[in-house]
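One letter stands for each residue in the lines below.
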Amino acid sequence: MSFFGNLKNKLFKSSSKLDEGLDAIVEEGADGAAPDASEPVANESPTPNVPAPQAPMAVMDPMPLPEETEPQGTARPGLLGRLIGGGQTDDDAPRRVLDDDMLESLEELLIASDMGVDTALRVTSNIAEGRMGRRVSAREIKELLAQEIARVMEPVARPLPLYPQKPQVVLVVGVNGSGKTTTIGKLASQFKAAGKSVVIAAGDTFRAAAVEQLQVWGDRAGVPVLTAPEGSDPASLAYDAMTKAQAEGADLLMIDTAGRLQNRADLMEELAKIVRVIRKKDPDAPHNTLLVLDATTGQNALVQTEAFRQLADVSGLVMTKLDGTAKGGVLVALADKFGLPIHAIGVGEQIDDLAPFDPEEFAAALTGLET
Ligand SMILES: Nc1nc2c(ncn2[C@@H]2O[C@H](COP(=O)(O)OP(=O)(O)OP(=O)(O)O)[C@@H](O)[C@H]2O)c(=O)[nH]1
């Protein structure tokens, strides 16, 4: 199976709630009559640029396909529908008049899928604009929703930028269990495969288990992991790692950090100290501060983002565990609220399970458009 299809399957759980909910909304209020060809509803909004399927490399720039040139305003399957579904139509599908009741149900469904109230209201009002009173099928409403979601997500879909500085220092923050260690291992493996030399610093010195786990990931990725005795100063380890990375001419230094958000003042001081000491070696470091978030925490990911933005100069996000959750909608709320770049998504526990974030693909998976 291609990587593209594989990723869609892995993300499929995220779609289940929305997909089934959208079907139910249309079926509940369906009038059963044939569609009115003079009132097409889907694909009326400007089609966003459609990124091409990408290799499993979260650090490469996406390569855009040319814009679609087919005429707008005709109900037809989107790019994904054509790639996967072979262009079937839904002429005989149940239809429902787009009215206030339907919009309210749609809002409730989006809120329940962790999209957040503000985002859900904005997305539904965009869908409603100029379409009230029209009769829509479930597929059409999914296409419209996917277009709106892709539009919100497009500006934040940005691979981790690579800079010429050596080493490029990537500070990795996030609460315990969010997937920091796993993500560092996956990223290190991808950088290595791209010909970069990488050093990892196991900066969560408070938990021996965390250090051991990072060593396992370092071994898997074939990347050295610098450790320090349990309870020692993470800033001192970061300084040593910076010295080693500079001496070896490493391309990247990835620094893991503790995730004890419950001791916020301590964590803030710890992160600030790490930044202070590495700046003695490079005033521009860290070049990226990656916040790792667990999609299964739903709306809590928004709270964590707010908190970590106060603790550190977060420059981008990685959302993990999108494979095992129906809460993927929170990514839309995050994009809408914070506008932070989403560099990659975690879609499993294996070393290759880190994918670039593709808004079109994500929107299709979230709405269940491929079915
Ligand atoms: N299904 C799935 N599981 C993941 C993903 N990323 C991480 N995990 C799992 O989530 C759990 C926590 O991941 P860690 O990488 O240990 O998280 P951490 O933030 O380093 O947490 P601590 O080690 O407690 O600081 C592990 O069991 C991982 O295998 C993902 O994208 N998908």
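Residues numbered from 1 in each chain as written. Predicted model: local features only at pLDDT ≥ 70, side-chain atom pairs only at ≥ 80, totals over all residues.

(A) Fine view of the overall build of the chain. Along the backbone of the chain there are 13 helices and 10 strands. With 371 residues in all, the chain has 49% of them scored as buried. Restricting the contact set of the chain to residue pairs at least 6 apart, pairs at least 24 apart contribute 81%. (Helix = DSSP H or I, 4+ residues; strand = E, 2+ residues; numbered from the N terminus. Buried ≥ 20, exposed ≤ 12 C-beta atoms within 10 Å, placed from the backbone. Contact = placed C-beta atoms within 7 Å.)

(B) Quick peek at the sheet that holds strand S5 (residues 225-226). The strand order across the open sheet formed by eight strands is S5-S4-S6-S3-S7-S8-S9-S10, and the pairing between neighbours is mixed. The open sheet has two edge strands, S5 and strand S10 (354-356), and neither has a second partner. Strand direction decides the pairing type here: strand S9 (residues 342-346) and S10, joined by three bridges, are antiparallel. By the bridge assignment, glycine 346 is partnered in S10 with leucine 354. Sheet strands in contact with helix H9 (residues 234-248) are strand S4 (198-201), S5 and strand S6 (252-256), and its direction is about 170 degrees off that of S4. (Pairing = 2+ DSSP bridges. Axes fitted to C-alpha atoms, helices over the stretch in contact; angles between N-to-C directions.)

(C) How the structure looks around the environment of lysine 196. Within the fold, lysine 196 resides in the loop between helix H7 (180-193) and S4. Overall, the presence of 18 C-beta atoms within 10 Å leaves lysine 196 in the partly exposed class. Linking lysine 196 and alanine 250, residues 54 residues apart in sequence, is a C-alpha distance of 7.7 Å. Contacts of lysine 196, omitting those with residues within four sequence positions, involve Phe191, Asp251 and Leu252.

(D) Inspection of unusual backbone geometry at higher detail. With an omega of -10 degrees, the peptide bond between lysine 166 and proline 167 qualifies as cis. Checked against the element boundaries, proline 167 lands in the loop between helix H6 (138-153) and strand S3 (168-173). A cis amide bond links alanine 285 to the next residue, proline 286, at an omega of -5 degrees. Within the secondary structure, proline 286 sits in the loop between helix H10 (264-281) and strand S7 (288-294). Look at aspartate 114: it is not a glycine, yet its phi comes out positive at around 70 degrees. Mapped onto the fold, aspartate 114 is located in the loop between helix H4 (100-112) and helix H5 (117-128). With 27 C-beta atoms packed within 10 Å, aspartate 114 lands in the buried category. Positive phi, normally seen in glycine, also occurs at lysine 321, with a value near 60 degrees.

(E) Just the UniProt feature "domain: AAA+ ATPase" (unreviewed entry) in the chain, in detail. UniProt feature "domain: AAA+ ATPase" (unreviewed entry): in the numbering of this structure it lies at residues 166-317. Helix makes up 48% of residues 166-317 and strand makes up 17%, while its end C-alpha atoms are separated by 22 Å. (UniProt positions renumbered as here; feature names shortened; annotations may be inferred.)

(F) How the structure looks around the site of the ligand. Around the ligand there are 21 residues in total, and Gly179, Lys180, Thr181, Thr182 and Gly346 lie nearest to it. Only H7 and helix H8 (208-221) provide two or more residues apiece to the shell around the ligand. Looking at the shell around the ligand element by element, the count peaks at three residues for H7. Tallied by class, residues from the shell around the ligand come to two nonpolar, 13 polar and six charged. (Near = placed C-beta within 6 Å. Nonpolar A, V, L, I, M, F, W, Y, C, P; charged D, E, K, R; others polar.)

(G) Examining the packing of H6 against helix H12 (residues 330-338) more closely. It is at 9 Å that the axes of H6 and H12 come closest, and there the two elements cross at 45 degrees. As judged from the angle between their axes, H6 and H12 are oblique. Our pair here, H6 against H12, has a crossing hand that is left-handed. In this structure, H6 uses Ile149, Val152 and Met153 to contact H12, whose residues at the interface are Val332, Ala335 and Asp336. Among the residues making up the contact of H6 with H12, the classes are represented as five nonpolar, no polar and one charged. (Parallel < 35°, antiparallel > 145°, perpendicular 65-115°, else oblique. Left-handed = near helix turned anticlockwise from the far one by under 90°.)

(H) Representation of the confidence of the model for the chain. When the pLDDT values of the chain are averaged, the result is 83; 80% of them are 70 or greater. With pLDDT under 50 throughout, residues 60-87 is counted as low confidence; its partners more than four residues away or in other chains account for 44 contacts. The complex model carries a pTM of 0.83, and its ipTM stands at 0.95. (pLDDT = per-residue confidence, 0-100.)

(I) A look at H10. The end-to-end C-alpha distance of H10, which contains 18 residues, comes to 27 Å, matching closely the 26 Å that a straight helix rising 1.5 Å per residue would cover. For H10, the secondary structure elements touched by its buried residues are S3, H9, S6 and helix H11 (300-311). (Expected span 1.5 Å × (residues − 1).)

(J) Expanded view of H11. Its 12 residues give H11 an end-to-end C-alpha distance of 17 Å, which sits within 8% of 16 Å, the value for a rise of 1.5 Å per residue. For H11, the complete set of buried residues consists of Ala301, Gln304, Thr305, Phe308 and Leu311. Around the axis of H11, the buried residues are gathered within 125 degrees of arc, so they sit on the same side. Away from its buried face by more than 90 degrees, H11 exposes Val303, Glu306 and Gln310. The inward-facing, buried residues of H11 contact S3, H10, S7 and H12. (Arc of directions from axis to C-beta.)

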